[in-house]
Amino acid sequence: LIVTASPAEAVLRGAQELGIPEGDVLGVRLEFDPAGRATGLPAPSMPLTWCEGKAAALDAYGVVGGRLCLAVGNSMDDVPMLRRAQAGILCVPRGSTKEDRWTGEAEGAQRLARVAAEEGFWLHEATQGREEYLRLAAEAEASCES
């Protein structure tokens, strides 16, 4: 299952390569005009998968409560989704000192680390590398209740 704030159409090819069917990609679905061209507007068919909309999309998909074992996010926008999982990993993709125009406060490494600690999420810093992330993900997933 992939939940993304990106247009689903931009993620589908990679999802297919991973063996994830189109119905398991919860992303922003774009509206198309009668000629088949994307309008650039989100389709009203499902929740906008941004901030609280990611959790709403999980509800619409049928994931309720703690049935989701592991969720991984990389911003404050992902916190509502991470709260739905038994184990959440908050990744720190990069440091930022500028204010984010969407969320207001800069999403620097210190803020994300503080939120991870407050919420009980696992924390992964991108500079730690892929092997460390895979170890952490396996450990977090193993902590899930069956």
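Structure: above.
Note that the structure is a prediction, hence the values are computed from the model and not measured.

A.B. asks: Help me understand the nonpolar core, please; the structure alone is not making it clear to me.
C.D. replies: Buried together is how nonpolar side chains tend to be arranged in soluble globular proteins. Leu58, Leu68, Ala71, Leu90 and Phe121 are the most contacted members of the largest nonpolar core, which has 18 residues in total. Those elements that provide at least two residues to this core are α2 (52-61), β5 (68-73), α3 (79-82), β6 (85-92) and α4 (109-119). In this view, Phe121 contacts Val79, Leu82, Arg83, Gly88, Leu90, Val115 and Ala116; residues no more than four positions away in its chain are not counted. Listed in part, the seven residues of the second largest apolar core include Cys91, Leu136, Ala140 and Cys144.

A.B. asks: Help me understand the pattern of salt bridges, please; the structure alone is not making it clear to me.
C.D. replies: Any two side chains of opposite charge can pair, on the condition that their charged atoms come close. Scanning the entire structure with this criterion turns up nine salt bridges. Of the charged contacts in the structure, one is a salt bridge between Lys54 and Asp78, with a shortest N-O distance of 2.3 Å. Here Lys54 is found in helix α2, whereas its partner Asp78 is found in the loop between β5 and α3, with 24 residues between them in sequence. Comparing Lys54 with Asp78, the two get one shared label, buried. Put simply, Arg114 and Glu118 hold a salt bridge, and the shortest N to O gap is 3.6 Å. On the criterion of helical spacing, the pair formed by Arg114 and Glu118 is a turn pair, its members being four residues apart in helix α4. Connected through salt bridges with shared partners, the residues Glu132, Arg135 and Glu139 form a single ionic network.

Cut-offs and rules
- Residues numbered from 1 in each chain as written.
- Predicted model: local features only at pLDDT ≥ 70, side-chain atom pairs only at ≥ 80, totals over all residues.
- Heavy atoms only, no water.
- Core = buried A, V, L, I, M, F, W, Y, C linked by side-chain atoms within 4.5 Å.
- Buried < 20%, exposed > 50% of the residue type's maximum accessible area, 1.4 Å probe, protein only.
- Helix = DSSP H or I, 4+ residues; strand = E, 2+ residues; numbered from the N terminus.
- Contact = heavy atoms within 4.5 Å.
- Salt bridge = Lys/Arg side-chain N within 4 Å of Asp/Glu carboxyl O.

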